[in-house]
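What follows is the residue order along each chain.
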Amino acid sequence: TAKVSVIAVEAAEQCGRLSVPGVAEMERLARVLERWESMPSDHVLFACDERRDCSSIALFDALASPLPPSVGFVVGPEGGFDAEEFESLRQVAKLINLGPNVLRAETAALAAMSLIHARMPVS
């Protein structure tokens, strides 16, 4: 996490960004969802869904309205979330997809962050 935090600071400096994205230690999904459930209702959690037979919507479309005060997203491990994890996610998060291609976990995270950043108001 320390190395990734340094990268986040350097990237923020390079972009002239005044705030640095938070970087957290990896946690079990159940713990992340438990913590997110205690957040105010205007905070939105998106879960990247790589399956093709589901009712997820494109993140680009989900971000069409003004962004809530806090947006979070989770991407699954290589191979994706299992059925039990998807059921837990469905209870707390909005299932989204990042388009027609299945992306590697690290690529999916960057793609999602890029789309969210593109929708953020300029400050």
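Residues numbered from 1 in each chain as written. Predicted model: local features only at pLDDT ≥ 70, side-chain atom pairs only at ≥ 80, totals over all residues. Heavy atoms only, no water.

With respect to the overall build of the protein chain
- Within the protein chain, the secondary structure is distributed over five helices and four strands.
- The order of α-helices and β-strands along the protein chain, N terminus first, is α-α-β-β-α-β-α-β-α.
- Principal axes of the C-alpha set define a box for the protein chain whose edges measure 40 × 30 × 30 Å.
- Within the protein chain, the fraction of its 123 residues that count as buried is 27%.
- Intrachain contacts of the protein chain at a sequence separation of at least 6 include 77% that bridge at least 24 residues. (Helix = DSSP H or I, 4+ residues; strand = E, 2+ residues; numbered from the N terminus. Buried < 20%, exposed > 50% of the residue type's maximum accessible area, 1.4 Å probe, protein only. Contact = heavy atoms within 4.5 Å.)

Thoughts on the packing of helix α2 (residues 29-37) against helix α4 (residues 83-92)
- Running from N to C, α2 and α4 cross one another at 10°; their axes reach a closest spacing of 10 Å. Overall, the two elements α2 and α4 adopt an arrangement that is roughly parallel. Between α2 and α4, the contacting residues are L29, L33, W36 and E37 on the first element and E85, S88, L89 and V92 on the second.
- Classifying every residue of the contact of α2 with α4 gives five nonpolar, one polar and two charged. (Axes fitted to C-alpha atoms, helices over the stretch in contact; angles between N-to-C directions. Parallel < 35°, antiparallel > 145°, perpendicular 65-115°, else oblique. Nonpolar A, V, L, I, M, F, W, Y, C, P; charged D, E, K, R; others polar.)

A closer look at the side chain of S70
- Among the structural elements, S70 can be located in strand β3 (residues 70-74).
- Taking relative accessible area as the criterion, S70 reaches 18% and is therefore assigned buried.

Some points on the sheet that holds strand β2 (residues 57-58)
- Taken in spatial order, the four strands make up an open sheet running β2-β4-β1-β3, and their pairing is parallel. Of all strands in the sheet, those with a lone pairing partner are β2 and β3, marking the two edges.
- Examined bridge by bridge, β2 and strand β4 (residues 94-97) share two bridges and lie parallel to one another. The partner of I57 across the bridge, within β4, is I96.
- Relative to β4, α4 is tilted by about 110°, and along the sheet it contacts β1 (43-48), β3 and β4. (Pairing = 2+ DSSP bridges.)

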